[in-house]
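Here are the chains, one letter per residue:
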Amino acid sequence: METTIVKAFGTGAVDKPLEAMDIKRRELQPKDIEFEVLYCGICHSDLHQIKNDFGGTMWPIVPGHEIVGRVTRVGSEVTKFKAGDLAAVGCIVDSCGQCQHCKESLEMFCVEGVTFSFNSPDTYMEGDHTYGGFSKTYVCEDKYVLKMPAFEALASAAPLLCAGITVYSPLRHWEAGPGKKVGILGIGGLGHLAIKIAKAMGAEVTVFTTSPEKVSDAKRLGADHAVLSKDEEQMKNAKGSQDIIIDTVSAKHDVNQYLGMLKVDGSLVLVGLPPEALEVAAFSVVGGRKSFSGSNIGGIAETQEMLDFCFEHNIVAHAEIIKIQDVNEAFVRLEKGDVKYRFVVDMSSL
Ligand SMILES: [Zn+2]
Ligand SMILES: [Zn+2]
């Protein structure tokens, strides 16, 4: 297959910092879109894959899966986009298209396995793997490309492509809305967007946090209530109060305590990725017919719905915009939790 050399930013080994490098992108196929990358968000899973935390990282690795750009060229069969349009790519860039889940636009559950926007075997270029958004351009089949609404703060909208859909999808699935009480665990990249989205859906939002200074952050982000989880009195008062809890915590924590905050038939949905197994006691779920569940990003159709919803409700991430040259430092800070609440790379710096 014909390829084009594209400037990117990545690393060739687990112990090396990211640096400028050249990668190959496939030449446009009839259904493909090429776009110039304008902004790319930084997600915790970029960090995990650079460090090979999940195993299976393929080097060189070019991360980035919250990709916003402007279309430069389209293939001969593309009608959905034209040059100059805003476009976006999130986590998913290919799937079988035939299985039950793909047919329902739940591509993330494709039985053949999903091709992710970076660090996945490339279905077009045999023996190669996909390279993410830390690059000048991106090439993707049109059905996996989102129409990016013209957000005023376009850079800050990039994190919607992974963080946004990760919390939007379970909020929709578990029917957050007027009359429903939604609890959010953790105010980081995911949690801060969960607060804004759940509020926009009409739910009453309570943040559970371990740190007193985050109580005021939670209120500023629009939460109706904040409960300090170390305060026994506050926790006792919040018992049995929530319909849904979105758990964004990526470290080991006691979920039983939070299952206790659910009403009968309530559900705690895990979207964080703690490295160790969590323990659920029988009495935490049996008594109130409660669910302990999980959720993983969202399909293409729902991601488009989420972008349009966030545009309509003026929701973007709280982002610190950085240059690509500062990305190594950003990963160090991300690891320490030293970001409010998401880094976005201005790719014009590459
Ligand atoms: Zn992500
Ligand atoms: Zn499939």
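Here the structure is a predicted model, which is why all the values come from computation and not from measurement.

Conventions used here
Every residue gets a number counted from 1 within its own chain, in the order that chain's sequence is written. To read the labels, note that chains go from A and ligands from 1, taken in the order they are written. With pLDDT at 70 or above as the cut-off, local features in this predicted model cover only qualifying residues; side-chain atom pairs require 80 or more to be listed or tallied, and sums for whole chains, interfaces and linings still use all residues. By convention in this description, side-chain values take in all heavy atoms of the structure and omit both hydrogens and water. Buried and open spaces are told apart on a 1 Å grid over the protein atoms alone, a cavity being a set of points where a 1.4 Å probe fits but cannot get out and a pocket being an open set with protein on both sides within 12 Å along at least five of seven lines. Residues with an atom within 4 Å of a point are the lining residues. Grid points are joined across faces, edges and corners, and a volume is the space filled by probe spheres set on the points. Counting from the N terminus, the helices are DSSP H or I runs at least four residues long and the strands are E runs at least two residues long. Three classes are used, and their members are as follows: Ala, Val, Leu, Ile, Met, Phe, Trp, Tyr, Cys and Pro are nonpolar, Asp, Glu, Lys and Arg are charged, and the others, Gly among them, are polar. For Na, K and Ca the donor cutoff is 3.2 Å, while for all other metals N, O and S atoms must lie within 2.8 Å; water is not among the atoms, so some sites may look incomplete. Any residue under 20% of the maximum accessible area for its type is buried, any over 50% is exposed, and the rest in between are partly exposed; the area is computed with a 1.4 Å probe on protein chains only. Angular criteria define each label, namely tetrahedral for four donors with all angles between 85 and 135 degrees, square planar for four and octahedral for six donors with opposite donors over 155 degrees apart and remaining angles between 65 and 115, and irregular for whatever fails these tests. When DSSP finds two or more bridges between a pair of strands, those strands are recorded as paired. Convention adopted: a line fitted to C-alpha atoms gives each axis, helices being fitted over their contacting stretch, and angles between N-to-C directions are expressed from 0 to 180 degrees. Throughout, nonpolar core names a set of buried Ala, Val, Leu, Ile, Met, Phe, Trp, Tyr and Cys residues whose side chains join them through atoms within 4.5 Å. It only takes one pair of heavy atoms within 4.5 Å for two residues to be counted as in contact. Throughout this description, a polar contact denotes any pair of N or O atoms lying within 3.5 Å of each other; where both atoms belong to protein, one of them has to be capable of donating a hydrogen while the other can accept it, and for residues adjacent in sequence the pair is counted only when both atoms sit in side chains. Aromatic rings from Phe, Tyr and Trp, taking only the six-membered ring of Trp, are treated as a pair when their centres fall within 6.5 Å; an angle between ring planes under 30 degrees marks them as stacked, one over 60 as edge-to-face, and anything in between as tilted. Placement of a positive charge over a ring is assigned whenever Lys NZ or Arg CZ falls within 6 Å of the ring centre and within 35 degrees of the normal to the ring plane.

Student: What am I meant to see in empty space enclosed by the protein here?
Tutor: To find leftover empty space, a probe the size of one water molecule is rolled over the atoms. Within this structure, the stated rule accounts for two cavities of 30 Å³ or more. Taken together, 17 residues form the lining of the largest cavity, with Arg26, Asp122, Thr130, Tyr138 and Val139 sitting closest to its centre. Sorting the residues of the lining of the largest cavity by element identifies β2 (19-26), β6 (92-94) and β8 (137-141) as the ones contributing at least two each. When residues in the lining of the largest cavity are grouped by element, the largest group, four residues, is from β8. Classifying every residue of the lining of the largest cavity by side-chain character gives seven nonpolar, four polar and six charged. Approximately 60 Å³ is the volume attributed to the second largest cavity. Considering the residues around the second largest cavity, the lining is formed by Gly90, Cys91, Ile92, Leu146, Leu161, Ile165, Ile297, Gly298, Gly299, Ile300 and Thr303. A class-by-class count of the residues in the lining of the second largest cavity yields seven nonpolar, four polar and no charged.

Student: Help me understand the coordination of the zinc ion (ligand 1), please; the structure alone is not making it clear to me.
Tutor: Around a metal, the perfect tetrahedron of four donors has angles of 109.5 degrees, and the perfect octahedron of six donors has angles of 90 or 180 degrees. Looking at the zinc ion (ligand 1), one finds its protein donor set to be Cys43 (SG), His65 (NE2) and Cys162 (SG), positioned 2.0 to 2.2 Å from the metal centre. For Cys162, a relative accessible area of 7% translates into the label buried.

Student: Sorry, what's going on with the coordination of the zinc ion (ligand 2) here?
Tutor: Taken together, Cys96 (SG), Cys99 (SG), Cys102 (SG) and Cys110 (SG) make up the protein donors of the zinc ion (ligand 2), found 2.3 to 2.4 Å from the metal. For the zinc ion (ligand 2), the four donor atoms are set out with angles of 103 to 120° between them, so the coordination reads as tetrahedral. Read from N- to C-terminus, the donor residues coordinating the zinc ion (ligand 2) fall into the pattern C-x2-C-x2-C-x7-C. By relative accessible area, which is 26% here, Cys96 ends up partly exposed.

Student: Please clarify how the sheet that holds strand β13 (residues 242-247) should be interpreted in this entry.
Tutor: In any sheet, the strands associate via hydrogen bonds between backbone groups, in a parallel or an antiparallel arrangement. Strands sit in the order β12-β11-β10-β13-β14-β15 across an open sheet of six strands; the sheet is parallel. Across the chains shown, the open sheet's two edge strands, defined by having one partner strand only, are β12 (225-228) and β15 (291-294). Averaged over all adjacent pairs, the angle separating strand axes in this sheet is 20°, with direction ignored. Relative to β13, strand β10 (residues 181-185) is paired through four bridges, and the arrangement is parallel. Bridging across to β13, Leu185 finds its partner in Asp247.

Student: Can you help me understand the nonpolar core in this one?
Tutor: Proteins that are soluble and globular tend to have nonpolar side chains buried together. Among the nonpolar cores identified, the biggest contains 98 residues, and Ile42, Phe134 and Met148 are the most heavily contacted of them. Excluding anything up to four places from it in sequence, Met148 contacts Val68, Leu86, Ala87, Ala88, Leu154, Ala157, Leu161 and Leu307. Grouped together as the second largest cluster of nonpolar side chains are 15 residues, Tyr258, Leu262, Leu270 and Val285 included.

Student: Sorry if this is basic, but what is going on with the side chain of Thr248 here?
Tutor: Mapped onto the secondary structure, Thr248 falls in the loop between β13 and α8 (255-259). Its relative accessible area of 11% is what places Thr248 among the buried residues. A distance of 2.6 Å separates a polar atom in the side chain of Thr248 from the backbone oxygen of Leu185. Once residues within four sequence positions are removed from consideration, Thr248 is found in contact with Leu185, Gly186, Leu190, Gly191, Val271 and Gly272.

Student: What should I look at first to understand the packing of aromatic side chains in this one?
Tutor: Per the stated rule, a full pass over the model turns up four aromatic pairs. Summarising the aromatic geometry, the rings of Phe151 and Phe311 are spaced 5.3 Å apart at their centres and angled 85° between planes, so their arrangement reads as edge-to-face. Of this pair, Phe151 sits in the loop between β9 (146-147) and α3 (154-157) while Phe311 sits in helix α10 (residues 300-312), and the two are 160 residues apart along the sequence. Judged by relative accessible area, which is 7%, Phe151 ranks as buried. Its end group placed over the ring of Tyr124, Arg26 keeps NZ or CZ at 3.4 Å from the ring centre. Sitting above the plane of the Phe309 ring, Arg172 keeps its charged end 5.5 Å from the centroid.

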